[in-house]
Amino acid sequence: MPMKRAALKTLARVAAAIVAGMAAFTAPVYAADTVTLKSEAYVRGPKVLLGDIADIQGENAEALKQLEIAASPNPGSSRQVNASLVNARIQTAGLTPSSVVVTGSQLVRTTAMQLEITPDMLEGDLRLFIETNMPWAPGDAEIDIDVPGQTLLVPDGEVTFTWRVNPQYKYYGAGSFRGEVRV
């Protein structure tokens, strides 16, 4: 009888070891980082970053969010980003496919956010520039400004206007001003 108990205990240990070994083979492998691609994303700036088009979790999440995937579409336009491109960019960055799992949508529609610069905005800013730079009081002058009649689309961001005047112009008669819009 004591021998049967010892054999049963040994058999139970072997069975437990087999079950534990099988569990190790059937247990899912968890990656350090998980990238879940969205089906649609709005992006700012000249580049589409992984953080713009995906929800990222894991120990390398902050670095992965800054990974450049593609050039941004023109303001207001859309572009498709394929999951295979995302995987290629991750591999190019030096991460192995086993350390990052990409899930979610297979195709992400990215749309670049935009701002509209209207002719009224250009005219108002140029008028302010002229009034603050002319050598006499604004009330003593008549200012007529011809601006392009079309709206200018620019990427979303902080907009600044920079105006330049011909150095020979003395704010008397017709003159031309050169403007630059920066975002």
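What counts, and at which threshold
- Residues numbered from 1 in each chain as written.
- Predicted model: local features only at pLDDT ≥ 70, side-chain atom pairs only at ≥ 80, totals over all residues.
- Heavy atoms only, no water.
- Pairing = 2+ DSSP bridges.
- Helix = DSSP H or I, 4+ residues; strand = E, 2+ residues; numbered from the N terminus.
- Axes fitted to C-alpha atoms, helices over the stretch in contact; angles between N-to-C directions.
- pLDDT = per-residue confidence, 0-100.
- Contact = heavy atoms within 4.5 Å.

Asker: Talk me through the sheet that holds strand β4 (residues 54-58); I want residue IDs and the actual numbers.
Answerer: Read across the sheet, three strands follow the order β4-β1-β7 without closing on themselves; strand pairing throughout is mixed. With one partner strand each, in any of the chains shown, β4 and β7 (100-104) form the two edges of the open sheet. For this sheet the average axis-to-axis angle between neighbouring strands, irrespective of direction, equals 15 degrees. Relative to β7, strand β1 (residues 33-37) runs parallel, the two being bridged by five bridges. Among the inter-strand pairings, Thr36 is bridged to a residue of β7, identified as Thr103.

Asker: Can you break down the sheet that holds strand β2 (residues 40-43) residue by residue, with the values?
Answerer: With mixed pairing, three strands are arranged side by side in an open sheet as β2-β8-β6. A strand with exactly one partner marks an edge of an open sheet, and here the two such strands are β2 and β6 (78-82). On average, each strand axis in the sheet is inclined to that of its neighbour by 30 degrees, with strand direction left out of account. In this structure, β6 lies alongside strand β8 (residues 107-112), joined through five bridges in antiparallel fashion. Bridge pairing in β8 places Val81 opposite Val108.

Asker: Any details on the confidence of the model for the protein? Residues and values, ideally.
Answerer: The pLDDT averaged across the protein works out to 83; a share of 83% of its residues lies at or above 70. Low confidence marks residues 19-29, where pLDDT is under 50. Its contacts with residues over four positions away, or in another chain, come to zero contacts.

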